[in-house]
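These are the residues of each chain, in order.
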Amino acid sequence: MTRSVLLLVTAIWWAHSAHAFQVDFSRNTPADFLELKPRDKVQVTEKEILLPKQVASHPIPVEPGKKYKLVIKARVESDLVVEKNHRALQLTRKNPRILSGYTVAFHDANGAAVQLVPMGGGMAAHNGISGKFLTENEHPYVNVFHVPQGASSLTISFRTAGVPTWVSGVELSEETREGTVNVNPDFRYGELNYCGWSTGRSGKLHVLPDGKGVLASGWGGGARVFPVDPNRQYRVTAVGEAAEGAINIRYLDQAGQTIGNMFLIRPTRQGATREFVPLPGSAAALLSITKPLFLEQLRVEEIK
């Protein structure tokens, strides 16, 4: 089947909307979603499929520049899960290849790869949109991201590392509820869904008894790239605690080259706020954390 036909079929699955894609394995077949090879064996139950060791989805249409939310409902059969090992999340940093997970890749109209950040800028470390499956019970694994310019579709690749991985459904929709330019501004998706945020070696994302998320940064960390426009004004709000830690912003041009890297804000319990305009020539920005701090919210909003 040609790529154009696949995209047409995928567009039909798009639930008659340009903003939502959903596959539910209580109704859909594995071939509806996955690019299966003759040797791939997929076990099917009434509501789940058991993934092959390595497999990718059909291309899913997306619109460049927009923010999307991906939800994969999955579970694994393993001893390295949060229900059995309270250090499971920390251990993933030491040897992530032993875990089952997924990666998102973008493509242009001809099927060529499109990077989240242009590789010419030396920003390879910020190109990954991925996640690991770490629960024995089904869990919604969430990732929020912006589609890069030039991309017209994305694919989701799964690598199980031999760990039995069950998936019951996948949803992709335009993200409209966060109300920010950056992603996951208040850590609302829980401790298994960083959505592009990272911490230093001693850092961790915690969920408090009231359900709120707090990022303990450790020494380092930061947030995924997001688009900015030097002709627009933005407001940043940071709620948390920091003795010496602060949040810096790095501006990138269209080629991914760094234009400037500077102090942005230091969080306070009451919420620190400031307005800023990106440097001339900026197309995107990254946030980085300089020293340990606790962060409850980091909101970057465009001032209309």
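Details of the structure are given in the entry above.
What you see is a predicted model; the values in this text were computed from it and never measured. (Residues numbered from 1 in each chain as written. Predicted model: local features only at pLDDT ≥ 70, side-chain atom pairs only at ≥ 80, totals over all residues. Heavy atoms only, no water.)

Visitor: Kindly report on the overall build of the chain, identifying the contributing residues and their values.
Guide: What the chain contains, in helices and strands, is three helices and 22 strands. In the chain, which comprises 304 residues, the share counted as buried stands at 48%. A separation of at least 24 residues holds for 76% of the contacts in the chain among residues at least 6 apart in sequence. (Helix = DSSP H or I, 4+ residues; strand = E, 2+ residues; numbered from the N terminus. Buried < 20%, exposed > 50% of the residue type's maximum accessible area, 1.4 Å probe, protein only. Contact = heavy atoms within 4.5 Å.)

Visitor: If you had to explain the sheet that holds strand 17 (residues 234-241) to someone new, which residues and values would you point to?
Guide: Ordered by their spatial adjacency, five strands build an open sheet running 14-15-22-17-20, and the pairing between neighbours is antiparallel. Across the chains shown, the open sheet's two edge strands, defined by having one partner strand only, are strand 14 (204-207) and strand 20 (272-276). Here the average twist between neighbouring strands, direction ignored, is 30°. Sheet analysis places strand 15 (residues 213-216) next to strand 22 (residues 294-302), joined by two bridges and oriented antiparallel. Each residue of the ladder has a partner; that of Ala216, found in strand 22, is Phe294. (Pairing = 2+ DSSP bridges. Axes fitted to C-alpha atoms, helices over the stretch in contact; angles between N-to-C directions.)

Visitor: How would you sum up the layout of surface pockets? Please name residues and give values.
Guide: The computed volume of the second largest pocket comes to approximately 370 Å³. In terms of residues, the lining of the second largest pocket owes the most to one element, strand 16 (residues 221-227), which gives three residues. Class assignment for the residues of the lining of the second largest pocket results in 13 nonpolar, six polar and one charged. (1 Å grid on protein atoms, 1.4 Å probe; cavity = no way out; pocket = protein on both sides within 12 Å on 5 of 7 lines; lining within 4 Å. Points joined across faces, edges and corners; volume = space filled by probe spheres on them. Nonpolar A, V, L, I, M, F, W, Y, C, P; charged D, E, K, R; others polar.)

Visitor: Give me the lowdown on the nonpolar core, citing residues and values where you can.
Guide: Core analysis: the biggest nonpolar cluster contains 71 residues, and Phe33, Ile72, Phe106, Phe145, Ile156, Phe158 and Leu298 have the highest contact counts within it. Beyond its immediate chain neighbours, meaning those up to four positions away, Ile72 contacts Tyr102, Phe133, His139, Pro140, Tyr141, Ile156, Phe158, Val167, Gly169 and Val170. Residues Val71, Val142, Tyr189 and Cys195 belong to the second largest nonpolar core, which totals six residues. (Core = buried A, V, L, I, M, F, W, Y, C linked by side-chain atoms within 4.5 Å.)

Visitor: Residues and numbers for the pairing of strand 21 (residues 284-289), please.
Guide: By the criterion of burial, strand 21 is predominantly enclosed, with five of the six residues buried. The pairing of strand 18 (residues 247-252) with strand 21 spans six bridges and is antiparallel. In the sheet register, Ile249 faces strand 21, and the bridge partner there is Leu287.

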